[in-house]
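# Architecture at a glance
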Amino acid sequence: MPTAAELDQMIKSGELIESPKEMTPEYLRELKHTLIVSGDTELISAPAYYLAAKRAPSINAFMTGIAIIQDELAHAHIAYHILEELGEDQEKLIFSRDPKSFRYPYAFDVPLDTWTELVVANGFYDQAGFCLLGDIHDKCSYGPWKRGLNKVMLEENFHLRNGRTWMKRISAAGGTARDELQRAVDWMFPLSVEWFGLPDTMKMHSTQLEYRLKGLTNDQLRQWWLSTVVPYCEQIGVKVPAHKETKDGKDVWELDYPFPCEFDAENKRWDFQQPITWDAVLARWRERGPRNDEMVAMFQEEFHNFRKTHHRDS
Amino acid sequence: MPINLVDLGVIYDIRQGDDGMVEVDLTFTAMGCPASDFILEDVRERLMREPGVNEVRVNVVWDPPWTSARMTEQGREALEEWGLAV
C-alpha cells in the first residue's frame, strides 16, 4: 500500500491507479462513494424513466425509451461491477439497501408522469449525467472506471438526442403540447441546476478533486450544463430562467431566480419569491422525495419475491 | 455511429419522380431498432434540402433482411475504427 505522499505524487503525475494495492484506505473510501453515487443514479433512472416511457406516443418512441432504460441499467452495472472488484457485494448494494440510503440526485424522486416529462429528463438530466461522467471520463485517476466510461459517453449522446429531438418537435407543434413542454421545463430546469450540489463558495474542500476522481468543481460543471441547455432551449423557443453575461471577458451563465429556493415536490412547483438556505436543501435531499420508496421497490421487490418462491420450491 | 446509411447498407433503393417526389426503400439492422425514429426523420430532413425535392416518402422494408454483409468496405472500416467488430 502506498503512503499518502506516494499516492499524492502518483495522482499529480497523471498516472492511473489500477488496483486496490495502489490505493490508500482514504482513496478507496472516496472512490467507492463516488462509484455508489454514479451507480445509484444510473440505476434509479431506469424505473423513473420506465413509468413515463409507458406513455410513449408511438411504438418507435417506446422502443427508443426502452433502449435508453436498457443503457442506463448497463451503465449502473459498470459502476457496481467495479465496486464488486473493490470488495463490495453488488447484490447487497442493489437489493438490500434501505431506499433512503440510495445516493442518487433528488430529481429522480419527483415522478415523471408523461412522455413530455421523460424527454425533458433526457434533455436535462442526461445532460447533467453527460457533464458529470464526461468530466470523470476525462480526468479520473482510477483506470478501470475511466476506460469503462468510453462506451457510456457514446450512449449518453443517444439519450440526449432523444430529449432534444422530441423537445424541438413538441415545441414546434405549439398549442397545448407546447404548454405542457414549458410546464415540464419550468419545474425540471431548477431541479437540474440543483443536481450539481453546493456552490463552490460553500464547498472549499473537495476530496474528489484532490484525488482526481473528477476534474471540475460543482460550479464549473453547472456552468457547463447551462452553456449547453440554455442556448438549445432558446433556439427551440422554450423559456428558461437563465441568461448569459460577460464577466472579465468570459461568458458566464446567470440564473434569473434566487438559488436555492423553495420547491413544492407534490405540485412540481418552484417559488422564486422564496429563497432558502442550502441547509434546507440538504434537509430536503436527506428526506428524499415523493417517489423514493416506490422507485427502489420497483427493482427490489421482485428480487425478494423470487428468492422466497425459489427457496420454497427447492 | 460514425457511418452513413448507405455504407451501412440499409438503403435499398431511391427513386425520383418528375413531380419532386423522392421515394426511399430503407431497412433497419434490427426490427426493434431504437434509433428508427431518428433515422426516418434524418432521411426526410436531408432529402428535403436537395433542390427540386418537395416530398419524401420512406418505405421501411424487411425483405431482404439486413446482414452485416450489406456494409460497404468503407462502412466496415469506419465501424472497426470506432471499436465494433464487424
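Residues numbered from 1 in each chain as written. Chains lettered and ligands numbered in written order. Predicted model: local features only at pLDDT ≥ 70, side-chain atom pairs only at ≥ 80, totals over all residues.

## Topic: the overall build of chain B
Going by this rule: For helices the rule is a DSSP run of H or I covering at least 4 residues; for strands it is a run of E covering at least 2, with both sets numbered from the N terminus onward. Each residue is classed by its C-beta neighbour count within 10 Å, where at least 20 other C-beta atoms makes it buried, 12 or fewer makes it exposed, and intermediate counts make it partly exposed; the C-beta atoms are placed from backbone geometry. Note on contacts: residues are paired as contacts if their backbone-placed C-beta atoms lie within 7 Å.
Summing up its helical and strand segments, chain B has three helices and three strands in all. Moving toward the C terminus, one meets the helices and strands of chain B in the order α-β-β-α-β-α. Here the C-alpha coordinates of chain B stretch approximately 45 × 25 × 20 Å along the principal axes. Among the 86 residues that make up chain B, the fraction classed as buried is 13%. When contacts within chain B are restricted to residue pairs at least 6 apart in sequence, those whose partners lie at least 24 apart make up 60%.

## Notes on the overall build of chain A
Counting its secondary structure elements, chain A contains 11 helices and four strands. Over its C-alpha atoms, taken along the principal directions, chain A stretches across nearly 65 × 60 × 35 Å. Taking all 314 residues of chain A together, the buried fraction comes to 35%. Nonlocal contacts in chain A, meaning residues at least 24 apart in sequence, comprise 69% of its contacts between residues at least 6 apart.

## Observations regarding the nonpolar core
Counted only if it meets this: Joining buried Ala, Val, Leu, Ile, Met, Phe, Trp, Tyr and Cys residues through C-beta atoms within 7 Å gives a set, and that set is a nonpolar core.
One finds Tyr49(A) and Val185(A) to be the most contacted residues of the largest nonpolar core, which totals 68 residues. Within the residue set of this core, elements represented by two or more residues are helix H2 (25-53), helix H3 (59-85), helix H5 (115-139), helix H6 (143-173), helix H7 (175-195), helix H9 (218-235) and helix H11 (292-313) of chain A. Those residues in contact with Tyr49(A) that lie beyond four places of it in its chain are Gly65(A), Ile68(A), Ile69(A), Glu72(A), Leu112(A), Leu118(A) and Ala121(A). Membership of the second largest hydrophobic core comes to five residues, among which are Leu8(B), Val10(B), Trp66(B) and Met71(B).

## Focus on the interface of chain B and chain A
We count it as follows: Under the scheme applied, nonpolar residues are Ala, Val, Leu, Ile, Met, Phe, Trp, Tyr, Cys and Pro; charged residues are Asp, Glu, Lys and Arg; polar residues are all the others, including Gly.
In this assembly, five residues from chain B lie in contact with seven residues from chain A. The class makeup of the residues in the side of chain B that touches chain A is two nonpolar, two polar and one charged.

## Concerning the packing of H5(A) against H9(A)
All names here are of chain A. Stated formally: Only the contacting stretch of a helix is used when fitting its axis, a line to C-alpha atoms as for every element, and angles between N-to-C directions run 0 to 180 degrees. What sets the label is the angle itself: under 35 degrees gives roughly parallel, over 145 gives roughly antiparallel, 65 to 115 gives roughly perpendicular, and the rest give oblique. Left-handed describes a crossing whose near helix is turned anticlockwise from the far helix through less than a right angle; right-handed describes the clockwise counterpart.
Put simply, H5 and H9 touch, their axes get as near as 10 Å, and they point 135° apart. Our classification of the angle between H5 and H9 gives oblique. Both H5 and H9 take part in a crossing whose hand is right-handed. Contacts from Phe124, Gln127, Ala128, Cys131, Leu132 and Asp135 in H5 reach Leu221, Trp224, Trp225, Thr228 and Val229 in H9. Grouping the constituent residues of the contact of H5 with H9 by class yields eight nonpolar, two polar and one charged.

## Considerations on unusual backbone geometry
Following Phe259(A), the chain continues to Pro260(A) via a peptide bond in cis, the omega torsion being 5°. Within the secondary structure layout, Pro260(A) lies in the loop between strand E2 (250-255) and strand E3 (261-264). A cis amide bond, omega 0°, links Asp63(B) with the succeeding residue Pro64(B). Even without glycine at this site, Asp248(A) takes up a positive phi of about 50°.

## Topic: H9(A)
Residues and elements named next belong to chain A. Spelled out, the test is: Here the expected length of a helix is defined as 1.5 Å per residue gap, with one fewer gap than residues.
Here H9 spans 26 Å end to end across 18 residues, near enough to the 26 Å set by a 1.5 Å rise per residue. Every buried residue of H9 is accounted for by Leu221, Arg222, Trp224, Trp225, Leu226, Val229 and Cys233. Against H5, H7, strand E1 (242-247) and E2 lie the buried residues of H9. Immediately beyond the C-terminal end of H9, within one or two residues, lies Gly237, with a positive phi of roughly 80°.

## Description of the sheet that holds strand E3 (residues 55-60) of chain B
Residues and elements named next belong to chain B. Convention followed: For two strands to be treated as a pair, DSSP must find at least two bridges joining them.
Across the sheet, which stays open at both edges, the three strands sit in the order E1-E2-E3 with mixed pairing between neighbours. Only two strands of the sheet have a single partner each, and these edge strands are strand E1 (11-16) and E3. Sheet twist, expressed as the average angle between the axes of neighbouring strands with direction ignored, equals 15°. Across six bridges, strand E2 (residues 21-26) lies against E3 in parallel orientation. Note on E3: the bridge partner recorded for Asp25 is Asn59. The sheet strands contacting helix H2 (residues 36-48) are E2 and E3, and the helix crosses E3 at an angle near 150°.

## A few points about the packing of H3(A) against H6(A)
Residues and elements named next belong to chain A. Two numbers describe how H3 lies on H6: the axes approach to 10 Å, and their chain directions differ by 165°. Considering their axes alone, H3 and H6 lie roughly antiparallel with respect to each other. The chirality of how H3 crosses H6 is left-handed. Residues Thr64, Ile68, Asp71, His75, Ile78 and Ile82 of H3 form the contact with H6, whose participating residues are Pro144, Trp145, Gly148, Val152, Glu155, His159 and Asn162. Taken together, the residues of the contact of H3 with H6 sort by class into six nonpolar, five polar and two charged.

## Details of the pairing of strand E4 (residues 269-275) of chain A
Residues and elements named next belong to chain A. Pairing of E3 with E4, which is carried by four bridges, proceeds in the antiparallel orientation. Residue pairing across strands places Phe263 opposite Trp270, the latter belonging to E4. Counting the residues that bridge the hairpin from E3 to E4 gives four residues, and of these Lys268 lies at a positive phi of roughly 50°.

## Observations regarding the pairing of E2(B)
All names here are of chain B. The test is simple: Viewed with both strands pointing away, a crossover whose connecting path from the first strand over the helix to the second turns clockwise is right-handed.
Here E1 pairs with E2 via five bridges, running antiparallel. The partner of Ile11 across the bridge, within E2, is Leu26. A crossover links E2 with its parallel partner E3, the connecting element being H2, and its sense is right-handed.

Just geometry here; none of it tells us what the structure is for.
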